Amino acid sequence: MNKKEAKKLIKDVLSSKRRTLLESEAKKLISAWGISIPLSVLIKNKKDIEAKAKKLTPPYVLKVVSQDILHKSEVGGVVTDIKNIKELNNVWAKMLKNISHKMPTARIDGFLLEEMSSRGVEVIIGGLRDPQFGPVVIFGTGGISVELMKDVSYRLAPLDKKEALKMIKEVKGYPLLTGFRGSKPADIDSLSTAIIKLSKILIEIEDIKEIEINPLFVYEKGVRAVDARMVLCIS
């Protein structure tokens, strides 16, 4: 997906009266601005599992795609480290059973099958459109700890490399990126570049109210967006 297609996607979602993008849509959009995402396929029918899974390299991650399910893990809608197609078929059946039990009225748009990403330092990058200040960029310690620790920094968009680096250094979790307890330093340059790219998304697509990439894995070289969500402005 390129930027033109991404902007058309936003228009199509708004015209369908949806307020949020599906994870698969949000990831395609951020990839149009050069933020790395896992290789993936969208599967809508059980009969397509084997053919589509062969396009990827295991281990796999399977996620339900539904506009009605905001927290996939709470309904058994995310399974990681799936080693082969036989196991994938079993996981698919179990996931459907769990979801039908916990959220029987949820509309299921399909299942996102991804190549499992190796773990890196977990951070969150995101942004929101403040009614007073306009687009604001957020950076912080990622994963589930973001809600517990609230270890975040803020800047107004757009921002440059210097400000992005300042954001990164302001959070208490910064030492995790510099080689904590003998681990290798993470790629702070690529991380700052990803923050700038997210800032550009907020500037260039005014229909975005909130955007969040959590976690963004930061590696010794490069970064990868493992999960993404996006909320749109509806007048």
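Placed above this text is the structure.
Cut-offs used in this document
Residues numbered from 1 in each chain as written. Predicted model: local features only at pLDDT ≥ 70, side-chain atom pairs only at ≥ 80, totals over all residues. Heavy atoms only, no water. Buried < 20%, exposed > 50% of the residue type's maximum accessible area, 1.4 Å probe, protein only. Helix = DSSP H or I, 4+ residues; strand = E, 2+ residues; numbered from the N terminus. Pairing = 2+ DSSP bridges. Axes fitted to C-alpha atoms, helices over the stretch in contact; angles between N-to-C directions. Left-handed = near helix turned anticlockwise from the far one by under 90°. Contact = heavy atoms within 4.5 Å. Nonpolar A, V, L, I, M, F, W, Y, C, P; charged D, E, K, R; others polar. Salt bridge = Lys/Arg side-chain N within 4 Å of Asp/Glu carboxyl O. Arc of directions from axis to C-beta.

Undergrad: Explanation requested: the pairing of strand E8 (residues 208–218) in the structure shown.
TA: Sheet faces and side chains relate simply in a regular strand, where the side chains alternate between the two faces. By the criterion of burial, E8 is predominantly enclosed, with eight of the 11 residues buried. Pairing analysis gives seven bridges linking strand E5 (residues 121–130) to E8, with the strands arranged antiparallel. Paired with Val121 across the strands is Val218, a residue of E8. Linkage of E8 to strand E9 (residues 223–225), two consecutive antiparallel strands, is achieved through a turn of four residues, within which Gly222 is found at a positive phi near 95°.

Undergrad: Explain the packing of helix H1 (residues 3–15) against helix H2 (residues 23–32) to me, please; I cannot follow it from the model alone.
TA: Geometrically, a packed helix pair is captured by the angle between its two axes and the distance between the axes. Packing of H1 against H2 brings their axes to within 8 Å, and their N-to-C directions diverge by 150°. Between H1 and H2 the crossing geometry is left-handed. Across the interface between the two elements, Lys3, Ala6, Leu9, Ile10 and Val13 from H1 touch Glu25, Leu29 and Ala32 from H2. Of the residues contributing to the contact of H1 with H2, the split by class is six nonpolar, no polar and two charged.

Undergrad: Before we go on, may I ask you to explain the pattern of salt bridges in this structure?
TA: Pairing of side chains with opposite charge becomes possible as their charged atoms draw close. In this structure the tally under the stated criterion is 20 salt bridges. With a closest N to O distance of 3.8 Å, Glu114 and Lys63 form a salt bridge. With a gap of 51 residues between them, Glu114 in strand E4 (residues 110–115) and Lys63 in strand E2 (residues 60–65) connect regions that are remote in the sequence. Between Glu163 and Arg155 there is a salt bridge whose closest N-O contact spans 2.6 Å. One salt-bridge network, in which partners are shared between bridges, spans Glu23, Lys27, Lys63, Lys72 and Glu114.

Undergrad: Would you mind going over the side chain of Ser117 with me for this structure?
TA: On the secondary structure map, Ser117 appears in the loop between E4 and E5. Given a relative accessible area of 11%, Ser117 falls into the buried group. Those residues in contact with Ser117 that sit more than four places away from it in its chain are Pro38, Phe217, Tyr219, Arg224 and Val226.

Undergrad: Please clarify how the sheet that holds strand E1 (residues 40–43) should be interpreted in this entry.
TA: The pairing of strands in a sheet happens through backbone hydrogen bonds and is either parallel or antiparallel. A sheet is described by the order of its strands in space; here four strands give the open sequence E1-E4-E2-E3, paired in antiparallel fashion. One side of each edge strand has no neighbouring strand; the edge strands of this open sheet are E1 and strand E3 (78–82). Across the sheet, the mean angle from the axis of one strand to that of its neighbour is 20°, orientation sign disregarded. Two elements, E2 and E3, share three bridges in a ladder whose sense is antiparallel. Counted as the bridge partner of Tyr60 is Ile82 from E3.

Undergrad: Where do I start with helix H6 (residues 161–170) in this structure?
TA: Since the α-helix advances by 3.6 residues per turn, residues separated by three or four positions end up pointing in the same direction. Turning to H6, its buried residues are Ala164, Met167 and Ile168. In an axial view of H6, the angular spread of the buried residues amounts to 95°, which keeps them on one side of the axis. As for H6, its buried residues are in contact with strand E6 (134–141), strand E7 (152–156) and helix H7 (188–204).

Undergrad: Even after reading the chapter, I still don't get H2, so can you show me in this structure?
TA: With eight of its 10 residues buried, H2 lies for the most part within the structure. Listed in full, the buried residues belonging to H2 are Glu23, Ser24, Glu25, Ala26, Lys27, Leu29, Ile30 and Ala32.

Undergrad: I tried to follow the pairing of E2 on my own but got confused; where do I start?
TA: With respect to burial, E2 is a largely interior element, six of its six residues being buried. The side-chain alternation of E2 yields two buried faces, one formed by Tyr60, Leu62 and Val64 and the other by Val61, Lys63 and Val65. Here E2 runs beside E4; their pairing, made up of six bridges, is antiparallel. Note that in E4 the partner of Leu62 across the bridge is Leu113.

Undergrad: I would appreciate a short explanation of the environment of Asp12 in the present structure.
TA: Note on placement: Asp12 falls in helix H1. As for Asp12 and Glu50, which are separated by 38 residues in sequence, their C-alpha atoms are 30 Å apart.

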